[in-house]
Amino acid sequence: AHEIRNPLGIIKATAQRLAKLPPEKQTPLLDFIPQEIDRLDGILTGYLQFADVRVQPSVPVAVAETIKNSLARIERRCREKQITCDTRGDRDFAVLADGEALGRALDNLLHNAVDASANGGMIIVESRASGSTGQIAVTDEGPGIPKKERKKIFEPFHTTKAHGSGLGLYAARTSLGKMGGELEYRPRGDGTPGSMFIITVPLARTRE
């Protein structure tokens, strides 16, 4: 209830203050409203996914289109923090998945990557097909996840954020599992700070 009430309170207070300001002074405050609505939407989405993590029957889904759509949905947040999103790897393949559930899982990883990144950072989205599976990896330059937290990050209601439901990774991993896929975490490695989350799902067709 607090996670929902807090952004609602900010939206209300901002709207009330806007009503008292002349138009030329309203612009800075207007930015707070979509930010808080986005945060509220993310919280509610997490609770809804936790309550009913269902997936539709798997169909061929173009990985390139999935990545393109998810990147478009975080474009504004990246622009606000001057974050660059770099796409790499082979994107010319399809996977067997529920397209909407796969998109939600990728959205969650990208939002987490933006949260973890400092202003001016870079997020790498790399896709590749190998054998009978396809992968989408999201890598950020944030501080990474401490070893003691890594076993808990996929548990429901566990979060290291000041604001968050702790349900996003749980819902993403659960939905991917129902598609015959998985979600795993790896530290970036080589002494470089950052995190990598990897989505693995079956290929729509096995490559020769």
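Please read all numbers here as calculations on a predicted model, not as lab measurements.

Colleague: Describe the packing of aromatic side chains, with residues and values.
Modeller: In the structure shown here, the tally under the stated rule is 2 aromatic pairs. Consider the rings of phenylalanine 154 and phenylalanine 197, whose centres lie 6.4 Å apart with planes at 85°: the pair is edge-to-face. A residue pair is termed long-range when its members are at least 10 positions apart, and phenylalanine 154 in the loop between helix H7 (147–150) and helix H8 (168–178) and phenylalanine 197 in strand E7 (residues 195–202) qualify at 43 residues. Across the pair, phenylalanine 197 and phenylalanine 154 agree in class, each one buried. Here tyrosine 185 and phenylalanine 197 contribute two aromatic rings whose centre-to-centre distance is 5.1 Å and whose plane-to-plane angle is 55°, an arrangement assigned as tilted. Pair noted here: tyrosine 185 is in strand E6 (residues 182–187) and phenylalanine 197 is in strand E7, with a separation of 12 residues, a long-range link. Accessibility classification places tyrosine 185 together with phenylalanine 197 in one group, the buried group. One aromatic cluster is present, formed by Phe154, Tyr185 and Phe197 through successive ring pairs. Directly above the aromatic system of phenylalanine 154 lies the positively charged group of arginine 173, at a separation of 4.1 Å from the ring centroid.

Criteria and cut-off values
- Residues numbered from 1 in each chain as written.
- Predicted model: local features only at pLDDT ≥ 70, side-chain atom pairs only at ≥ 80, totals over all residues.
- Heavy atoms only, no water.
- Phe/Tyr/Trp six-rings, centres within 6.5 Å; stacked < 30°, edge-to-face > 60°.
- Helix = DSSP H or I, 4+ residues; strand = E, 2+ residues; numbered from the N terminus.
- Buried < 20%, exposed > 50% of the residue type's maximum accessible area, 1.4 Å probe, protein only.
- Lys NZ or Arg CZ within 6 Å of the ring centre and 35° of its normal.

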